[in-house]
Amino acid sequence: MSDVVTYEVNGVRLVGDAEGPADGAAVLLLHGLGENRGSWRAVSAALAADGLRTLAVDMRGHGESDHPGEYAYEAMRDDVLGLIDALGQEQVVIVAHSMGTVPASLVAMDRPAAVARLVLEEGPLPFPAEPRRPVPEGPDGPTPYDWRVVRDVAVQRNAPAARHWDGLAEITAPTLVVAGGPGSHLPQDQLARTAARIPDSRLVTIDAGHMVHDERPAEFIETVRAFLGHPHGPRRTGPETA
């Protein structure tokens with residue numbers, strides 16, 4: 001059973017679902033563009049059952065969290081860093097999907113000691129969008145999230161900051177890159193290049209398209225559990241073997 005929790009970080013109210021024992025190692029779950037914390041329900045429940053303390057959070061502009069109108073990846077990174085501080089944790093595991101992988105990787109670059117392990121599922125990361133993303137001037141209709149997130153993400157996807165690639169080599173956390181195979185809209189060779197650039201990483205392909213943890217939840221969960229060293233993986237720091 002999860003508990004709804006609220007944190008105020010960087011002047012932004014973030015709402016999340018916390019699950020698992022209060023003294024369990026912390027796992028932050030970051031969703032993709034247009035999604036919300038509910039997308040992690042199956043993953044969160046499984047990891048909580050392993051004795052971990054999971055926090056699936058609505059990213060800024062999504063779900064019940066605030067819509068501040070500014071959605072640079074660096075602002076999202078600062079939200080995650082603020083959450084880590086608010087939780088009083090020296091280290092957390094971060095599991096992120098799609099849009100969420102960018103702030104997750106920035107956290108791992110900029111505060112490496114704070115990330116015990118990192119899971120990057122189908123992340124666009126440092127490569128320009130192919131084809132270029134259209135930058136909307138307004139929504140076509142009602143949206144359950146702030147449409148300006150789509151605008152700001154499109155701008156950043158079309159011209160990623162150099163730091164997003166260069167900094168991958170500075171990540172010290174053991175990292176699992178999850179690719180969705182040929183059914184994904186993301187070029188799979190780019191995910192392989194990302195995994196190759198992170199010093200202690202492995203690449204696993206689950207043939208499910210972009211929404212791996214939605215389409216193949218059992219396989220995704222077992223892959224993450226194996227990477228974390230189920231059930232006490234977050235306290236381990238050695239490299240994984242494929």
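**Considerations on the side chain of Glu-19**
Phase 1: By the element assignment, Glu-19 lies in strand S2 (residues 12-19).
Phase 2: Comment: no salt bridge for buried Glu-19; closest opposite-charge side chain is Arg-41, at 7.4 Å.
Phase 3: At a separation of 3.4 Å, a polar atom in the side chain of Glu-19 contacts the side chain of Ser-44.
Phase 4: Beyond its immediate sequence surroundings of up to four residues, Glu-19 is in contact with Met-1, Ser-2, Ser-44, Ala-45, Ala-48, Leu-52, Arg-53 and Thr-54.

**Focus: the packing of helix H2 (residues 73-87) against helix H4 (residues 147-158)**
Phase 1: Their axes nearest at 10 Å, the elements H2 and H4 cross at an angle of 110°. By the angle between their directions, the pair H2 and H4 is classed as roughly perpendicular. Two secondary-structure elements touch here, H2 through Tyr-73, Glu-74 and Met-76 and H4 through Val-153, Gln-156 and Arg-157.
Phase 2: The residue makeup of the contact of H2 with H4, split by class, is three nonpolar, one polar and two charged.

**Points about the packing of aromatic side chains**
Phase 1: Applying the stated rule across the entire model yields two aromatic pairs.
Phase 2: Here the aromatic rings of Trp-40 and Phe-220 are separated by 6.4 Å at their centres, their planes lie at 40°, and the arrangement is tilted. Note that Trp-40 is positioned in the loop between strand S3 (26-30) and helix H1 (41-49) and Phe-220 in helix H8 (residues 217-228), a separation of 180 residues in sequence.
Phase 3: The ring centre of Trp-147 lies 5.6 Å from the NZ or CZ of Arg-151, which sits over that ring.
Phase 4: A cation over a ring is seen here: Arg-193 above Trp-165, with NZ or CZ 5.5 Å from the ring centre.

**Here we look at the environment of Phe-127**
Phase 1: Assignment of secondary structure puts Phe-127 in the loop between strand S6 (115-121) and H4.
Phase 2: Accessibility expressed as a relative area gives 7% for Phe-127, which makes it buried.
Phase 3: Through-space distance from the C-alpha of Phe-127 to that of Met-211 is 19 Å; in sequence the pair is 84 residues apart.
Phase 4: Every residue in contact with Phe-127, bar those within four places of it in the chain, is listed here: Arg-157, Pro-160, Trp-165, Gln-190, Arg-193 and Thr-194.

**Things to note about the layout of surface pockets**
Phase 1: By volume, the largest pocket amounts to about 150 Å³.
Phase 2: Taken together, 13 residues form the lining of the largest pocket, with Tyr-7, Ala-26, Arg-53, Leu-87 and Gln-89 sitting closest to its centre.
Phase 3: When contributions to the lining of the largest pocket are tallied by element, the ones reaching two or more residues are strand S1 (3-9), S3 and strand S4 (53-57).
Phase 4: When its residues are assigned to classes, the lining of the largest pocket shows nine nonpolar, three polar and one charged.

**What about the pairing of S1?**
Phase 1: Judged from the seven bridges that link them, S1 and S2 form a sheet pairing that is antiparallel. Residue pairing in the sheet places Val-4 in a bridge with Asp-17 of S2.
Phase 2: A loop of two residues connects S1 with S2, the two strands running antiparallel in sequence, and Asn-10 in this loop sits at a positive phi of about 55°.

**Brief notes about the confidence of the model for the protein**
Phase 1: Per-residue pLDDT for the protein averages 93, and the proportion of residues at 70 or more is 95%.
Phase 2: Between residues 231-242, whose pLDDT stays under 50, and residues either more than four places distant or in other chains, the model counts 28 contacts.

**Structural notes on the packing of H1 against H8**
Phase 1: Look at H1 against H8: their axes get within 10 Å of each other, and the N-to-C directions meet at 40°. When the interaxial angle is binned, H1 and H8 end up oblique. By crossing handedness, the relation of H1 to H8 is classed as right-handed. Where H1 approaches H8, its residues Ala-42, Val-43, Ala-46 and Leu-47 are matched on the opposing element by Phe-220, Ile-221, Val-224, Arg-225 and Leu-228.
Phase 2: Counted by class, the contact of H1 with H8 contains eight nonpolar, no polar and one charged residues.

Thresholds, definitions, all that
- Residues numbered from 1 in each chain as written.
- Predicted model: local features only at pLDDT ≥ 70, side-chain atom pairs only at ≥ 80, totals over all residues.
- Heavy atoms only, no water.
- Helix = DSSP H or I, 4+ residues; strand = E, 2+ residues; numbered from the N terminus.
- Buried < 20%, exposed > 50% of the residue type's maximum accessible area, 1.4 Å probe, protein only.
- Lys, Arg positive; Asp, Glu negative; His and termini not counted.
- Salt bridge = Lys/Arg side-chain N within 4 Å of Asp/Glu carboxyl O.
- Polar contact = N/O pair within 3.5 Å; in protein donor to acceptor, adjacent residues only side chain to side chain.
- Contact = heavy atoms within 4.5 Å.
- Axes fitted to C-alpha atoms, helices over the stretch in contact; angles between N-to-C directions.
- Parallel < 35°, antiparallel > 145°, perpendicular 65-115°, else oblique.
- Nonpolar A, V, L, I, M, F, W, Y, C, P; charged D, E, K, R; others polar.
- Phe/Tyr/Trp six-rings, centres within 6.5 Å; stacked < 30°, edge-to-face > 60°.
- Lys NZ or Arg CZ within 6 Å of the ring centre and 35° of its normal.
- 1 Å grid on protein atoms, 1.4 Å probe; cavity = no way out; pocket = protein on both sides within 12 Å on 5 of 7 lines; lining within 4 Å.
- Points joined across faces, edges and corners; volume = space filled by probe spheres on them.
- Pairing = 2+ DSSP bridges.
- pLDDT = per-residue confidence, 0-100.
- Left-handed = near helix turned anticlockwise from the far one by under 90°.

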